[in-house]
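The lines below spell out each chain.
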Amino acid sequence: MLSKRQFLLSAICSTFLLFGCGQKSGEQAAQSGASDAAPAVAAASGDTIKVGVLHSLSGTMAISESALKDTVLMLIDEQNAKGGVLGKKLEPVVVDPASNWPLFAEKARELLAKDKVAVTFGGWTSVSRKSVLPVYEELNGILFYPVQWEGQESSANIFYTGATPNQQAIPAVDYLLDQGVKRFALLGTDYVYPRTTNKILEAYLKSKGIAAKDIMVNYTPFGQSDWQSIVADVKKFGAAGNAAVVSTINGDANVPFYKELANQSITPDQIPVIAFSVGEQELSGIDTKPLVGHLAAWNYFESINTAANETFIKNWKAFKKDSKAVTNDPMEATYIGFNMWVKAVEKAGSTEPDAVKKALIGVEAPNLTGGGAKMLANHMITKPVFIGEIQDNGQFDVVWQTQGEVAGEAWSPLLPESANLVADWADPVNCGAYDQAAQKCTAGVK
């Protein structure tokens, strides 16, 4: 019989048509349980503490994820120069899930069961996170996930340092509403994050008086290259004026998308695009002329002038041996998560997963934009929000920001199915989906 977590992994594989998920049967998993269990204890038992790096280095997401692999390696080098953690050096274990969602689950199991890593930093798309979630819960590993995402989830084993919709998407829409935008084209890549985020945004826009006819929604596959008809539809939709595109398009599909906007003479003053997945890394090395004047919403931009950011940028360029190397938001989220993990391990005096998970709640670490981040009981963090305008040098000019940090929400109050839910992994609740109205835990028990 399949365990609850094995059943969940099977369901995820079926939902997303993931080939090759779950290499072990229930019986095989039970037989191998002794060797798979407690990976972090083994990780600290030798001369080093192993740190997993689970990012796509090939395939459609390599354009975004490769920099995050190098960020972790740089942070490990810097920590080792300080003496490591608990008197031991950190040893990176890098794997390439190759933008292949079932391969993420296989590589995660390999990191935990074979390599015995104490912690993993990885993932970009939500489907990759959902693919590995049952593995980290089954083997009691710790994953830091550093990219903006849709919420509607909280796991005892995942710490989410990227933005939730209330820390990126909703502030971005508020900005557009303040600029007089009345018609919204929601364009996204066809997977969990764009669909759920746009569901939340549709509910939010309607609550602000935007009619359904003034909301256009379209999804395209990963790696979409032909944007001619879609952009033509956007142009027609925006012909009446006061329109904008809210983009959850991911990966290398962004390059031909913006080129097609320019081909059809759609300018930012006519139909501005505000993107949630286009940052400095994606703009690096491409012709930015078609993008100048369009917008992005993030919690960090390289152009923000602080001493901490100046040091980070300097160290990054030196690590990459490239004076043109750029930084971006998920890199900062990785930086915050890594420093939180180090603090929690030192606080716990151990890399044992349950001790570290408990120690992480309430841990604070500086961000790179002049403030700080705190790990909340729902495993989200506090983050500022910035709106930036794309410049011809591939950087962003900040045109708007929140006053201080915004606390991440695990469950959106805008959707009926989650309006009463909160996540709280602190005692005595210890629940990923606690129904405040019914006063009971509905899912995600530690």
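Per an unreviewed UniProt entry, the protein chain goes by the name Amino acid/amide ABC transporter substrate-binding protein (HAAT family) and belongs to Uruburuella suis.

Student: Looking at this model, I keep getting lost on the state of the cysteines. Mind explaining?
Tutor: Linking two cysteines covalently via their sulfur atoms produces the bond known as a disulfide. All chains considered together, the criterion is met by one disulfide. Here Cys431 connects covalently by a disulfide to Cys441, the sulfurs 2.1 Å from one another. Taking the torsion about the sulfur-sulfur bond, which here is approximately 90°, the covalent link between Cys431 and Cys441 counts as right-handed. One end of the pair, Cys431, is in strand S18 (residues 431–435); the other, Cys441, is in strand S19 (residues 440–445), with ten residues separating them in the sequence. Given the relative accessible area of 0%, Cys431 is considered buried. We classify Cys441 as partly exposed; its relative accessible area is 31%.

Student: Just to check I follow, could you spell out helix H4 (residues 62–81) for this structure?
Tutor: Note on helix geometry: an α-helix contains 3.6 residues per turn, so any two residues three or four positions apart are oriented the same way. The end-to-end C-alpha distance of H4, which contains 20 residues, comes to 28 Å, matching closely the 28 Å that a straight helix rising 1.5 Å per residue would cover. Counting buried residues along H4, 15 of its 20 residues qualify, which places the element largely inside the surrounding structure. The first or second residue beyond H4 is Gly83, which carries a positive phi of 110°.

Student: Can you help me understand the sheet that holds strand S6 (residues 183–189) in this one?
Tutor: Neighbouring strands of a sheet are bound in pairs by backbone hydrogen bonds; such pairs are parallel or else antiparallel. Here we have seven strands laid out as an open sheet, ordered S7-S6-S8-S9-S10-S14-S15, and mixed in their pairing. The two strands at the open ends of the sheet, each matched to only one other strand, are strand S7 (215–220) and strand S15 (396–401). Taking each pair of neighbouring strands and ignoring which way they run, the sheet shows an average axis angle of 25°. Taken together, the four bridges between strand S10 (residues 295–298) and strand S14 (residues 386–390) define a ladder with antiparallel strand orientation. The residue bridging Ala296 from the neighbouring strand is Gly388, located in S14. With respect to the sheet, helix H8 (residues 192–207) is in contact with S6, S7 and strand S8 (243–248), its orientation differing from that of S7 by roughly 180°.

Student: Any chance you could explain the sheet that holds strand S2 (residues 89–95) here in plain terms?
Tutor: One open sheet accounts for five strands, arranged S2-S1-S3-S4-S5; its pairing is parallel. This sheet does not close on itself; its edge strands, each paired only once, are S2 and strand S5 (158–160). For this sheet, the mean angle separating the axes of adjacent strands, direction not counted, is 25°. Inspection of the sheet shows strand S3 (residues 119–122) paired to strand S4 (residues 143–145) by two bridges, in the parallel sense. Note that in S4 the partner of Thr120 across the bridge is Leu143. Lying over the sheet, helix H6 (residues 126–138) contacts strand S1 (48–54), S3, S4 and S5, oriented at roughly 165° with respect to S4.

Student: I would appreciate a short explanation of the pairing of S14 in the present structure.
Tutor: When a strand is regular, its side chains alternate between the sheet's two faces. Within S14, four of the five residues are buried, which leaves it mostly tucked inside the rest of the structure. Sheet analysis places S14 next to S15, joined by five bridges and oriented antiparallel. Looking across to S15, one finds that Ile387 is bridged to Trp400. From the end of S14 to the start of S15, which pair antiparallel, there are five residues, and Gly394 there has a positive phi angle of about 85°.

Student: Looking at this structure, I do not really get the environment of Glu282. What am I missing?
Tutor: With respect to the helices and strands, the residue Glu282 is situated in helix H11 (residues 280–283). On the accessibility criterion, Glu282 (5% relative accessible area) is buried. Taking the C-alpha atoms as reference points, Glu282 and Gly251, separated by 31 residues in sequence, lie 7.9 Å from one another. In this structure, Glu282 is in contact with Ser64, Trp124 and Ser277, ignoring residues within four places of it in sequence. Looking at Glu282, its side chain comes within polar contact range of the main-chain nitrogen of Gly279, at 2.9 Å.

Student: Teacher, can you tell me more about helix H14 (residues 353–360) here?
Tutor: Among all positions of H14, only Pro353, Val356, Lys357, Ala359 and Leu360 are buried. Buried residues in H14, looked at end-on, bunch into an arc of 165°, giving them a common side. The opening residue of H14, the one whose side-chain oxygen lies 3.2 Å from the backbone nitrogen of Asp354, is Glu352. The positive-phi residue at the C-terminal boundary of H14 is Gly362, with phi of around 95°.

Student: What's the story with the nonpolar core in this structure? I'm lost.
Tutor: Core analysis: the biggest nonpolar cluster contains 96 residues, and Phe144, Leu176, Phe184, Val246, Met340 and Trp341 have the highest contact counts within it. In contact with Val246, not counting residues within four places along its chain, are Val173, Leu176, Phe184, Ala185, Leu186, Leu187, Leu201, Ile274 and Phe276.

Student: Please explain the packing of aromatic side chains as it appears in this structure.
Tutor: Two numbers describe a pair of aromatic rings. These are the distance of the centres and the angle of the planes. Counted according to the given criterion, the structure contains 14 aromatic pairs. Residues Phe144 and Phe159 carry aromatic rings whose centres are separated by 5.5 Å and whose planes lie at 25° to one another, so their mutual orientation is stacked. Residue Phe144 is found in strand S4, and its partner Phe159 is found in strand S5; the two are separated by 15 residues along the sequence. Each of the two residues, Phe144 as well as Phe159, counts as buried. One aromatic cluster in this structure is built from Trp101, Phe104, Tyr191, Tyr193 and Phe222. Lying over the aromatic face of Phe237, Arg183 brings its terminal NZ or CZ to 4.1 Å of the ring centre.

Reading the values: the criteria
- Residues numbered from 1 in each chain as written.
- Predicted model: local features only at pLDDT ≥ 70, side-chain atom pairs only at ≥ 80, totals over all residues.
- Heavy atoms only, no water.
- Disulfide = S-S within 2.5 Å.
- Helix = DSSP H or I, 4+ residues; strand = E, 2+ residues; numbered from the N terminus.
- Buried < 20%, exposed > 50% of the residue type's maximum accessible area, 1.4 Å probe, protein only.
- Expected span 1.5 Å × (residues − 1).
- Pairing = 2+ DSSP bridges.
- Axes fitted to C-alpha atoms, helices over the stretch in contact; angles between N-to-C directions.
- Contact = heavy atoms within 4.5 Å.
- Polar contact = N/O pair within 3.5 Å; in protein donor to acceptor, adjacent residues only side chain to side chain.
- Arc of directions from axis to C-beta.
- Core = buried A, V, L, I, M, F, W, Y, C linked by side-chain atoms within 4.5 Å.
- Phe/Tyr/Trp six-rings, centres within 6.5 Å; stacked < 30°, edge-to-face > 60°.
- Lys NZ or Arg CZ within 6 Å of the ring centre and 35° of its normal.

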